[in-house]
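Each chain, letter by letter, is given below.
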There are 2 protein chains.
Amino acid sequence: MRVVYFSADQDAAAWIPGLQAALPNADVSLWEPGAPAADYAVVWKPPQQLLDEQTQLKALFNTGAGVDALLKLKLPVSVPVIRLDDAGMSVQMAEYVCHAVIRHFREFDAYEADTRGGKWSFRKPRSRIDFPVGVLGLGVLGERVARAVAQFDFPVNGWSQSAKTIAGVRCFHGADKLDTFLAATRIVVCLLPLTPDTENLLNAQRLARLRPGGYVINVARGAHVVDADLLAALDSGQLAGATLDVFRVEPLPKGHPYWTHPKVIVTPHTSARTLRSESIAQIARKIAALECGEPIAGVVDVARGY
Amino acid sequence: MRVVYFSADQDAAAWIPGLQAALPNADVSLWEPGAPAADYAVVWKPPQQLLDEQTQLKALFNTGAGVDALLKLKLPVSVPVIRLDDAGMSVQMAEYVCHAVIRHFREFDAYEADTRGGKWSFRKPRSRIDFPVGVLGLGVLGERVARAVAQFDFPVNGWSQSAKTIAGVRCFHGADKLDTFLAATRIVVCLLPLTPDTENLLNAQRLARLRPGGYVINVARGAHVVDADLLAALDSGQLAGATLDVFRVEPLPKGHPYWTHPKVIVTPHTSARTLRSESIAQIARKIAALECGEPIAGVVDVARGY
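All values reported here derive from a predicted model rather than from experimental measurement. Note that residues are indexed from 1 along each chain, following the sequence as it is written. Key to labels: chains lettered from A, ligands numbered from 1, both in the order written. With the structure being a predicted model, the display of local features is reserved for residues of pLDDT at least 70 and the display and counting of side-chain atom pairs for 80 or more, all residues being used for whole-chain, interface and lining totals. Excluding hydrogens and water, the side-chain figures rest on all heavy atoms present in the structure.

Engineer: With reference to specific residues and values, describe the interface of chain A and chain B.
Structural biologist: What makes two residues a contact is simply this: any of their non-hydrogen atoms within 4.5 Å. Tallying the contact residues gives 46 residues for chain A and 46 residues for chain B. When two components associate, each loses some accessible surface as probed by a 1.4 Å sphere; the sum of these losses over both components is called the buried area. Between chain A and chain B, the buried area comes to about 3,900 Å², and carbon and sulfur atoms account for 61% of it. The salt bridge criterion pairs a side-chain nitrogen of Lys or Arg with a carboxyl oxygen of Asp or Glu, the two atoms within 4 Å. Summed over the shared surface of chain A and chain B, the result is eight salt bridges. Glu112(A) is the partner of Arg103(B) in a salt bridge, and the nearest nitrogen-oxygen pair spans 2.8 Å. Under the rule applied, a polar contact is a pair of N or O atoms within 3.5 Å (in protein, one hydrogen donor and one hydrogen acceptor; residues adjacent in sequence only if both atoms are side-chain atoms). Here chain A is connected to chain B by 25 residue pairs in polar contact (both at pLDDT 80 or more). Only DSSP runs of H or I with at least four residues qualify as helices, and only runs of E with at least two residues qualify as strands; both kinds are numbered from the N terminus onward. Contributions of two or more residues to the side of chain A that touches chain B are made by helix 4 (89–105), helix 5 (108–116), helix 6 (140–150) and strand 12 (264–266) of chain A. It is helix 4 of chain A that provides the largest number of residues to the side of chain A that touches chain B, a total of 10 residues. Any residue outside Ala, Val, Leu, Ile, Met, Phe, Trp, Tyr, Cys, Pro, Asp, Glu, Lys and Arg is labelled polar, Gly included; the first ten of those are nonpolar and the last four are charged. Taken together, the residues of the side of chain A that touches chain B break down into 23 nonpolar, 10 polar and 13 charged.

Engineer: So what's going on with the relation of the copies chain A and chain B? Residues and values would help.
Structural biologist: To line up the copies, we fit them by least squares on C-alpha atoms, keeping just the residues with pLDDT of at least 70 in both. Between chain A and chain B, the superposition needs a rotation of 180° and an axial shift of 0.0 Å, giving an RMSD of 0.1 Å. When the rotation and shift are considered jointly, the pair of chain copies conforms to a two-fold rotation axis. Nearest to the rotation axis, the C-alpha of His99(A) is located 2.6 Å from it, this being the minimum over chain A. The share of interface residues of chain A whose copies in chain B are also at the interface is 100%, consistent with both copies meeting through the same surface.

Engineer: I'd like a description of the sheet that holds strand 3 (residues 40–44) of chain A, backed by residues and values.
Structural biologist: All names here are of chain A. Pairing between two strands requires that DSSP report at least two bridges joining them. In space, the five strands of this open sheet follow the order 2-1-3-4-5, with parallel pairing throughout. The open sheet has two edge strands with one neighbour each: strand 2 (27–30) and strand 5 (81–83). Each strand of the sheet is rotated relative to its neighbour by a mean of 20°, with strand direction disregarded. Note that strand 1 (residues 2–7) and strand 3 share five bridges and pair parallel. When the bridges of strand 3 are listed, Val 3 appears paired with Tyr 40. Axis definition: a line fitted to C-alpha atoms, over the contacting stretch in the case of helices. Angles run 0 to 180 degrees between N-to-C directions. With respect to the sheet, helix 1 (residues 12–22) is in contact with strand 1, strand 2 and strand 3, its orientation differing from that of strand 2 by roughly 170°. Its contacts with the sheet place helix 10 (residues 276–291) against strand 1, strand 3, strand 4 (59–62) and strand 5, and it is angled at close to 165° to strand 4.

Engineer: Describe the pattern of salt bridges, with residues and values.
Structural biologist: Tallied over the entire structure, the rule returns 38 salt bridges over all chains. Measuring nitrogen to oxygen at the nearest pair gives 2.9 Å for the salt bridge that ties Arg116(A) to Glu112(A). You can see Arg116(A) and its partner Glu112(A) sitting in helix 5, four residues apart, about one turn around the helix. Sharing partners across several salt bridges, the network here consists of Arg103(A), Asp109(A), Glu112(B) and Arg116(B).

Engineer: Requested: an account of the state of the cysteines, with residues and values cited.
Structural biologist: In this description, a disulfide is simply a cysteine sulfur pair whose atoms lie within 2.5 Å. Overall, the coordinates contain zero disulfides over all chains when judged by the stated rule. Residue Cys171(B) stays outside any disulfide, its sulfur separated by 16 Å from that of Cys190(B), the closest cysteine.

Engineer: So what's going on with helix 4 (residues 89–105) of chain B? Which residues, and what values?
Structural biologist: All names here are of chain B. The end-to-end C-alpha distance of helix 4 is 24 Å, a good match for the 24 Å that 17 residues give at a rise of 1.5 Å each. Burial classification: accessible surface area is computed with a 1.4 Å probe over protein chains only, and a residue below 20% of its type maximum counts as buried, one above 50% as exposed, and the rest as partly exposed. For helix 4, a buried count of 17 out of 17 residues is recorded, marking the element as mostly surrounded by other parts of the structure. Just downstream of helix 4, Glu 107 is the residue with a positive phi angle, here 55°. By this rule the span expected of a helix is its residue count minus one, scaled by 1.5 Å.

Engineer: Account for the packing of helix 1 of chain A against helix 10 of chain A, with residues named and values stated.
Structural biologist: Residues and elements named next belong to chain A. At a minimum axis separation of 9 Å, helix 1 and helix 10 run at an interaxial angle of 40°. It follows that helix 1 is oblique to helix 10 by the angle criterion. Taken as a pair, helix 1 and helix 10 cross one another with a handedness that is right-handed. Contacts from Ala 14, Trp 15, Gly 18, Leu 19 and Ala 22 of helix 1 reach helix 10 at Arg 276, Ser 279, Ile 280, Ile 283 and Ala 284. Each residue belonging to the contact of helix 1 with helix 10 can be placed in one class, and the counts come to seven nonpolar, two polar and one charged. For this classification, under 35 degrees means roughly parallel, over 145 means roughly antiparallel, 65 to 115 means roughly perpendicular, and everything else is oblique. Handedness of a helix crossing follows the sense of rotation of the near helix relative to the far helix, less than a right angle counterclockwise being left-handed and clockwise being right-handed.

Engineer: Give a description of the sheet that holds strand 8 (residues 170–173) of chain B that names residues and reports values.
Structural biologist: Residues and elements named next belong to chain B. The seven strands are arranged 8-7-6-9-10-11-12 in an open sheet whose pairing can be described as parallel. Every other strand in the sheet has two partners, leaving strand 8 and strand 12 (264–266) as the edge strands with one partner each. Taking the axes of each pair of neighbouring strands and ignoring which way they run, one obtains an average angle of 15° across the sheet. Where helix 4 meets the sheet, its contacts fall on strand 6 (133–136), strand 9 (187–190), strand 10 (214–218), strand 11 (239–244) and strand 12, and the angle it forms with strand 10 comes to roughly 160°. Most of the contacts of helix 6 (residues 140–150) go to strand 6, to which it runs at about 170°, and overall it touches strand 6, strand 7 (156–160) and strand 9.

Engineer: An account of the pairing of strand 2 of chain A is requested, with residue identities and associated values reported.
Structural biologist: All names here are of chain A. Bridge count between strand 1 and strand 2: four bridges; the pairing is parallel. If you follow Tyr 5 over to strand 2, its bridge partner there is Leu 30. With respect to chirality, the unit in which strand 1 leads through helix 1 into the neighbouring parallel strand 2 is right-handed. Here a crossover is taken to be right-handed if, once the strands point away from the viewer, the path from the first strand over the helix to the second is traced clockwise.

Engineer: Just give me the short version of the side chain of Arg106(A), but keep the residues and values in it.
Structural biologist: You can see Arg106(A) is positioned in the loop between helix 4 and helix 5. Side-chain polar atoms of Arg106(A) contact the side chain of Glu95(B), separated by 2.8 Å. Leave out the neighbours within four places in its chain, and Arg106(A) touches Tyr111(A), Gln92(B), Glu95(B), Tyr96(B), Thr270(B), Ser271(B) and Ala272(B).

This is how it looks when you write it as structure tokens:
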């Protein structure tokens, strides 16, 4: 069995020996133009040429949860595209989002501004009933995040394209329930897949439906948010703030208003990193299952986009 | 029935009408020297004179979880001392501690120092296996905190005076297991009651037993920590940092090294605030139960100290 690996970002020198160790009967190598036909390709943001040349693939593994970059390419019709399902990412997302929610709700930045000035301050505790959290997207990551936030007794709403049931989460689904979800939400967390339907979803009109003093946490893709609309809503006072981990262009370009906006916390796409060893183990398990003709999780519906 | 209220810190103008509304058949008033004998006293850091004068009390309610200030007074021998059990405090503690653990583990401060300078940085993800969290004290608050941290897949240890069993938490108990607990812990969270046994518990010798790169979160009482020893361990590099919400003297005195220490995060005793309405409802329920001769939770073992 031949496996080729390519990543635009990741360190091939670490991935290839890892994949080789996990797949001892395979020949694992870095993809290069003209490489011989392989059975499986493990990729992150590959060039079109890889897909055009590799005509014998049994499956194409994406080393991330979001496949939007891959789906922009012309894909071989009959080859299943497999995304990572979790591989240590959901707990990182739960951490990142809970940290951001608590930091905002508990006013830790305001306390810290005081303590940095040597001031011992008192603020009236806020009521969590006034801070319902809404999670957009209830896949593996969104569901874990919703459950994690609910553990801190916040009212939690969830919205997804298709119907979901999660204990402790008020679930909405379908385009016609999006406004109801937003109107019931103060802190909105974006964990949607990026598709033509979800691109620019958080625009002026939708942000205006959030409860007063709304807060945006985006850990999905930059293109979910209309940046000018978010900045306008922050500047008008309609929104209290935003924690943004993802951007239309990454790294976030020099001079972008997000870098210095007093109501925006920027992190460098670090909310949930692909963990190499867990990802390699998952891909190796899935290849073994495919070789035995067994079903696997994480097969992307290319038409749907996730 | 007569109820007297006294607090050295809280706003009596809000508590007294609240208690009166919750206890419509009682006469609730602010305690003043020479006040007539009451059936119940609801207090926070009362003067000795209140205890000396109020000789008819059926119970003494403390409007906080920690009774160390109260137990420094000469208490009437036969009057039960009742502390708040939870009343909205455990979820606040879980929030505060999870926020501090995640902030440290995920290096959010280092990322933020970079983004404030307009720098998009990458740090190698840390492994949570290397960051076992240990909770000292497994009462109502400690148990909730331990469970909340465990939800983020950290290894979690717990230590208490008497044996406890908590799913997902490796529980140690008794003085002779404290060193084993500390040696298995990197991030130690103090949620102990303050008693002669636990005062100065986190001294140089005990801090030295933590795993290398240890971290201290104190949300119990300032006197649990020997400040000079903690500062020395931070300065030597033995400890990576500390998040401190409680201090020997509060407000933390001007000029105290904690205010400006680069490895210390100071918050003004805000980890878990007594929530007035929940506390009043709990005290009213307990008074009603006592009047019917029913058992109640939160009765302090004065000899044990909590």
